[in-house]
Structure formats: C-alpha cells, structure tokens
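Inside the fold
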Amino acid sequence: MADLFDQLNDDNRQRQLIAEGAVCLPGFALEYVPTILEALGPIVEQAPFRHLVTPGGHTMSVAMTNCGSLGWVSDRRGYRYQERDPLSDNAWPAMPEIFLTLAQKAASEAGYQRFKPQACLINQYLPGSKMSLHQDKDENNKAAPIVSISLGVSATFLFGGLRRDDPCQKLILQHGDVVVWGGASRFCFHGVQTLKDSEHSLLGRRRLNITFRQIY
Ligand SMILES: O=C(O)CCC(=O)C(=O)O
Ligand SMILES: [Mn+2]
C-alpha cells in the first residue's frame with residue numbers, strides 16, 4: 001500500500017519553475033535509467049572516478065569523471081575544460097548517443113532549443129559528500145543552459161541567486177529528476193548539501209549527478 005501511495009505521489013510531482021529560466025522536471029530521466037547505467041559502466045572503466053583538487057589545494061569530496069569531447073577538470077592551476085583525461089592522457093570516452101538525446105530533450109522541454117553539449121561531467125556522491133555553493137562559469141558559451149540529471153540517493157539541491165549571499169531555495173532531487181537552468185538563471189549560485197547515509201535500490205548508498213554543458 002505504501003508503495004502504491006509513493007508511486008502515485010511520485011507520478012503527481014509537477015514540473016517546477018525554480019526561477020526565471022530554471023526548471024525542475026521530476027522523473028524526466030526515469031525511462032532512460034537502465035540505458036544510462038549500462039552506458040556508464042565502460043565510461044567509468046576507461047576514465048575512473050577521481051577526487052580532484054581545487055586551485056586552493058582542497059580535495060573535493062565528490063568524485064568525478066567525464067565523457068564527451070571535452071571534460072571538466074580542476075587542479076592547482078585552475079578549473080578548465082580539456083580534451084584529454086589527465087589521469088591517462090587519453091581522450092575522454094565518447095558521449096553515448098542516449099545521453100545526448102536525453103540532454104537535448106530535457107533542454108527543449110525547459111524551453112532551450114538547439115542545445116549541443118560537448119561536455120558531460122559525472123559526479124559521484126557518497127554519504128558525507130557535498131558540493132559548496134558555486135556558479136558554473138568555465139564555459140565559453142554563456143547562452144546555453146546547464147542540464148543536470150540526478151540518480152540514486154536523494155539530495156538537497158540549493159539554488160540561489162546571482163550573488164553568493166542571496167537566499168537559496170532547497171529542492172529535494174530524487175532518482176530520475178532533471179534540473180535545467182539557463183537564461184536569467186544561468187549564473188545562479190547552486191550547490192548540494194552533505195549527502196545523508198541512505199540506500200537506493202539500484203545505486204546503493206550513492207548519488208550520481210550527470211551534468212551536460214555546451215562549451216562553445
Ligand atoms: O550534483 C548536483 O546536483 C550539482 C552538480 C554541479 O553543480 C556541478 O557539477 O557543477
Ligand atoms: Mn554546478
């Protein structure tokens with residue numbers, strides 16, 4: 001009974017306008033999950049998750065990898081996109097067709113047509129991982145939106161304004177939810193609160209976040 005109730009509630013979760021240009025599409029990625037997880041296997045085998053170091057020397061609690069023609073990296077020299085995985089010096093694994101299709105469908109659902117992401121950052125959160133408030137601003141293309149898919153354990157996503165000290169909205173992002181932000185919200189501060197220790201039936205104690213960016 002509880003399962004049916006949860007299911008009905010989940011199905012009723014509405015597309016949510018977060019701010020001008022920013023929208024949450026609950027469950028938008030659900031039908032793609034089996035294909036996404038299958039595609040992630042070889043990507044992570046070729047380019048394993050790693051904890052990057054920030055320019056300030058702090059090791060990030062979120063583990064990251066990339067696929068696509070460009071990948072986001074951070075080290076003591078700064079944040080940037082590059083064609084090669086610094087761990088192997090190989091090109092990043094190709095972006096699976098299904099990732100591109102899903103990212104473009106979500107962007108267009110949110111009102112952004114012609115989204116052509118070159119970069120797909122894959123973030124892995126374990127209990128205790130978090131992402132501090134930041135803006136995504138390493139992309140040359142400032143017009144394209146950010147498309148962000150959440151999988152596994154639910155997390156509290158903070159979505160603020162254009163100034164770091166603007167108040168933040170708190171959104172619980174569940175397995176299969178997609179958030180898209182661009183336009184007036186493109187440079188809004190955002191982050192993820194410390195992941196609680198809980199269990200997801202498919203992903204265990206993990207949360208995965210897959211973020212698509214158009215760099216040029
Ligand atoms: O994990 C998330 O939901 C957000 C990730 C993010 O903001 C980023 O990778 O820049
Ligand atoms: Mn971000």
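Because the structure is a prediction, the values reported are computed rather than measured. (Residues numbered from 1 in each chain as written. Chains lettered and ligands numbered in written order. Predicted model: local features only at pLDDT ≥ 70, side-chain atom pairs only at ≥ 80, totals over all residues. Heavy atoms only, no water.)

**Some thoughts on the pattern of salt bridges**
- Tallying each qualifying case throughout the model produces 11 salt bridges.
- As a salt-bridge pair, Arg213 and Asp136 come within 3.2 Å of each other at their nearest N and O atoms. Linking Arg213 in strand β13 (residues 207–213) with Asp136 in the loop between β7 (131–134) and β8 (146–152), this pair joins segments that are 77 residues apart in sequence.
- Of the residues examined, Arg213 reaches a relative accessible area of 7% and is grouped as buried. (Salt bridge = Lys/Arg side-chain N within 4 Å of Asp/Glu carboxyl O. Helix = DSSP H or I, 4+ residues; strand = E, 2+ residues; numbered from the N terminus. Buried < 20%, exposed > 50% of the residue type's maximum accessible area, 1.4 Å probe, protein only.)

**Some remarks on the packing of helix α2 (residues 33–46) against helix α3 (residues 97–109)**
- Two elements in contact, α2 and α3, have axes separated by 9 Å at closest approach and are oriented at 130 degrees. Taken together, the axes of α2 and α3 lie oblique to each other. For the element pair α2 and α3, the recorded crossing hand is left-handed. Contacts between α2 and α3 involve Thr35, Ile36, Ala39, Leu40 and Ile43 on the former and, on the latter, Ile98, Phe99 and Leu102.
- Looking at side-chain class alone, the contact of α2 with α3 contains 7 nonpolar, 1 polar and no charged residues. (Axes fitted to C-alpha atoms, helices over the stretch in contact; angles between N-to-C directions. Parallel < 35°, antiparallel > 145°, perpendicular 65-115°, else oblique. Left-handed = near helix turned anticlockwise from the far one by under 90°. Contact = heavy atoms within 4.5 Å. Nonpolar A, V, L, I, M, F, W, Y, C, P; charged D, E, K, R; others polar.)

**Notes on the environment of Leu208**
- The residue Leu208 is located in strand β13 in this model.
- A relative accessible area of 2% places Leu208 in the buried class.
- Separated by 83 residues in sequence, Leu208 and Tyr125 have C-alpha atoms that sit 6.2 Å apart.
- In this view, Leu208 contacts Leu40, Phe49, Asn123, Gln124, Ile149, Ser150, Leu151 and Leu203; residues no more than four positions away in its chain are not counted.

**Here's the deal with the nonpolar core**
- Among the nonpolar cores identified, the biggest contains 32 residues, and Phe99, Val147, Val178, Val180, Ile210 and Phe212 are the most heavily contacted of them.
- Within the residue set of this core, elements represented by two or more residues are β2 (22–25), α2, α3, β6 (119–125), β8, β11 (178–181) and β13.
- In this view, Val180 contacts Gly21, Ala22, Val23, Leu25, Ala106, Ala107, Ala110, Tyr112, Pro145, Ile146 and Val147; residues no more than four positions away in its chain are not counted.
- In this structure, Tyr81, Met131, Leu171 and Val192 belong to the second largest nonpolar core, which totals 27 residues. (Core = buried A, V, L, I, M, F, W, Y, C linked by side-chain atoms within 4.5 Å.)

**Some words on the site of ligand 1**
- Close to ligand 1 lie Leu121, Asn123, Tyr125, Met131, His134, Asp136, Phe157, His190, Val192, Arg207, Asn209 and Arg213.
- For ligand 1, an oxygen atom lies 3.0 Å from a polar atom in the side chain of His134.
- Here an oxygen atom of ligand 1 sits 3.0 Å away from a polar atom, N or O, in the side chain of His190.
- With respect to the pocket detection grid, ligand 1 is positioned in the largest pocket. (Near = heavy atom within 4 Å. Polar contact = N/O pair within 3.5 Å; in protein donor to acceptor, adjacent residues only side chain to side chain. 1 Å grid on protein atoms, 1.4 Å probe; cavity = no way out; pocket = protein on both sides within 12 Å on 5 of 7 lines; lining within 4 Å. Sits in = over half its atoms within 2 Å of the grid points.)

**Quick notes on the UniProt feature "binding site: substrate" (unreviewed entry) in the protein chain**
- Here, the residues flagged by UniProt with the feature "binding site: substrate" (unreviewed entry) are Trp72, Tyr79, Arg80, Tyr81, Asp138 and Arg164. In three dimensions, the annotated residues from a span of 93 residues occupy distinct locations, with a maximal C-alpha spread of 23.4 Å. In the annotation above, Trp72, Tyr79, Tyr81, Asp138 and Arg164 are the residues that line the largest pocket.
- Of note, Tyr79 is situated in strand β5 (residues 78–82).
- Since its relative accessible area comes to 43%, Tyr79 is described here as partly exposed.
- When neighbours within four sequence positions are excluded, Tyr79 is seen to be in contact with Thr54, Pro55, Trp72, Val73, Ser74 and Asp138.
- Mapped onto the fold, Arg80 is located in strand β5.
- With sequence-adjacent residues up to four places away left out, Arg80 is seen in contact with Gly71, Trp72, Val73 and Asp75. (UniProt positions renumbered as here; feature names shortened; annotations may be inferred.)

**Brief notes about the coordination of the manganese ion (ligand 2)**
- In the first shell of the manganese ion (ligand 2), the protein supplies His134 (NE2), Asp136 (OD) and His190 (NE2), at 2.1 to 2.2 Å from the metal.
- Sequence spacing among the residues donating to the manganese ion (ligand 2) works out to H-x1-D-x53-H. Of this pair, Asp136 sits in the loop between β7 and β8 while His190 sits in strand β12 (residues 190–192), and the two are 54 residues apart along the sequence.
- Here Asp136 falls in the buried class, since its relative accessible area comes to 5%.
- Accessibility expressed as a relative area gives 4% for His190, which makes it buried. (Donors = N, O, S within 2.8 Å, 3.2 Å for Na, K, Ca; no water.)

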